[in-house]
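Chains, contacts and geometry: an overview
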Amino acid sequence: MEPERRESRDPTAGIAARATPFELLFDLVFVFTITQVTHVVTHEPDAVGIYRAVVLLALVYCIYDGYIWLMNQAPPAGAVTRVVLLVAMAGFLIVAVAIPTAFEDGQWTFSITLLAVILIHHVLFVVVGSPANAVGILRTGPFNLVAAIILVASGLIGGSGAAWLFPLALAVILASVLSNRRGGFDLRASHLIERHGLLMIIAFGESIVTVGATLTTQSLDLSSLTAASLIVGVVGGLWWTYFFTGDLARTEQRVQERDATRRGTLAITAFYGDHLGMMIGLVLFAAGSGLSVGEADHGHGVDAGTLAGIGVAIFFFSQALYRVELRLGHAASRLIGGLVAVAIGIWSVLIDPLTELALLLTTVAGVVAWAPLLSALSKRRSQARQPTS
């Protein structure tokens, strides 16, 4: 009888257990989105540029996350479905191309293409999803219709309209998902975790690629080679804190043990919100460190070193929240690491870029080593308490 009870608690059995090769292809288009958002910050490293980058990444990632939900519930197995998804993939590429000018003359292209991608998503969910999926996605229709009108309005108004209409459209879309998280979607934990892990790998990789592209314009001296090594060390350490030994199995267990409603809530808060924060942190680190080692004199806005330090801090703070939501433990080390990164970022105006990168690497290494050190100390204390024969 026990196996039957376990099966009844897992209504998603048989649905998209793991990501398919086609989904890996689909994720590649998100690479260019990260590149373009970083481009926005590097070309306008002030409060306005950072605000625009955050809004654009939040909006595009929200729509992209909807496709992860779609393929979680209905794996892209049929030829027709894959062709339609390739059309959506082309749409995401056009959206990414328009990102640097989305608040200027590319606003109309960005808005209309994003609207088309949203419509394709809804139609696919109704056609290839389960009846429950179709009901769930149709419930969000009124909200998304409003969001679509807002996106079109932003293109018509132009200029500064996007500064407040884009966030408004994002808020409406998120409200539609939150209001409907109870019905229609029984998200598969393993697939959800794997797809978001793959997106994080893309973000980690793009951080290195973006800075590497900057370094190619510099002379290959000891300073450049040292900067490249330190940046790889920082990004590698951040990767290590995300893909920590045993975390993936614990994360899957924590998500799968929730009911469908709570899994839906986690998908929005932890796998959209917290992951968005980590991606923003990586974008800011890549932009800041690239400007620092590239010796770019932008002459205004946020100091490049401060940008890099704040980026690492945002990554750690978002990861701490993620670990708290999923009860993974060791959130304190991320909070401490984030506070130290903030201090390094502020102090960066007094030190050279290589020293800042070395300090950030030391901080990240400390966070990575935190859990193993605590485990070793705990084991040593436990052995010390045992009576000797």
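Scroll up for the structure.
Just so it is clear, the structure is predicted and the values come from calculations on it, not from any experiment. (Residues numbered from 1 in each chain as written. Predicted model: local features only at pLDDT ≥ 70, side-chain atom pairs only at ≥ 80, totals over all residues. Heavy atoms only, no water.)

A few points about the nonpolar core
Ranked by size, the top nonpolar core spans 106 residues in total, and within it F26, Y67, F110 and F166 carry the most contacts. Not counting residues up to four positions away in its chain, the partners in contact with F166 are V55, L56, L59, A102, F103, Q107, F110, S111, L151 and S154. (Core = buried A, V, L, I, M, F, W, Y, C linked by side-chain atoms within 4.5 Å. Buried < 20%, exposed > 50% of the residue type's maximum accessible area, 1.4 Å probe, protein only. Contact = heavy atoms within 4.5 Å.)

Observations concerning helix α13 (residues 260–293)
If you check α13, its first and last C-alpha atoms are 47 Å apart, about what 34 residues at 1.5 Å a residue would give, namely 50 Å. Most of α13 is tucked away, with 29 of its 34 residues classed as buried. (Helix = DSSP H or I, 4+ residues; strand = E, 2+ residues; numbered from the N terminus. Expected span 1.5 Å × (residues − 1).)

Topic: the packing of aromatic side chains
Following the criterion strictly, the structure yields 16 aromatic pairs and no others. Between Y61 and Y272 the ring centres are 5.2 Å apart and the planes differ by 25 degrees, which places this aromatic pair in the stacked class. Here Y272 lies in helix α13 and Y61 lies in helix α4 (residues 47–73), a separation of 211 residues in the sequence. Of the residues examined, Y61 reaches a relative accessible area of 0% and is grouped as buried. Judged by relative accessible area, which is 7%, Y272 ranks as buried. Where Y242 meets Y322, the ring centres are 6.2 Å apart and the plane angle is 15 degrees; that geometry is what we call stacked. Pair noted here: Y242 is in helix α11 (residues 222–242) and Y322 is in helix α14 (residues 304–325), with a separation of 80 residues, a long-range link. The same class applies to Y242 as to Y322, namely buried. Among the aromatic residues, ring-to-ring pairing joins F26, F30, Y61, Y64, Y67, F92 and Y272 into one connected group. (Phe/Tyr/Trp six-rings, centres within 6.5 Å; stacked < 30°, edge-to-face > 60°.)

So, unusual backbone geometry
Unusually for a residue other than glycine, R327 sits at a positive phi of about 55 degrees. For R327, the location among the structural elements is in the loop between α14 and α15 (331–347). A relative accessible area of 45% means that R327 is categorised as partly exposed. Not every positive phi belongs to a glycine, and H330 is a case in point at roughly 60 degrees.

Remarks on empty space enclosed by the protein
Across all of its chains, the model carries 3 cavities of 30 Å³ or more by this definition. Looking at the largest cavity, its volume works out to about 330 Å³. As for the largest cavity, its lining consists of 21 residues, of which C62, G66, H121, I173 and V177 are closest to the centre. The dominant element in the lining of the largest cavity, judged by the number of residues it contributes, is α4, at 5 residues. Looking at the lining of the largest cavity residue by residue, the class counts come to 13 nonpolar, 7 polar and 1 charged. Approximately 90 Å³ is the volume attributed to the second largest cavity. Surrounding the second largest cavity, I193, T241, Y242, D247, L248, T251, Q319, Y322, R323 and L328 form its lining. Of all elements in the fold, only α11, α12 (247–256) and α14 reach the threshold of two or more residues within the lining of the second largest cavity. Across the lining of the second largest cavity, the residue classes break down as 5 nonpolar, 3 polar and 2 charged. (1 Å grid on protein atoms, 1.4 Å probe; cavity = no way out; pocket = protein on both sides within 12 Å on 5 of 7 lines; lining within 4 Å. Points joined across faces, edges and corners; volume = space filled by probe spheres on them. Nonpolar A, V, L, I, M, F, W, Y, C, P; charged D, E, K, R; others polar.)

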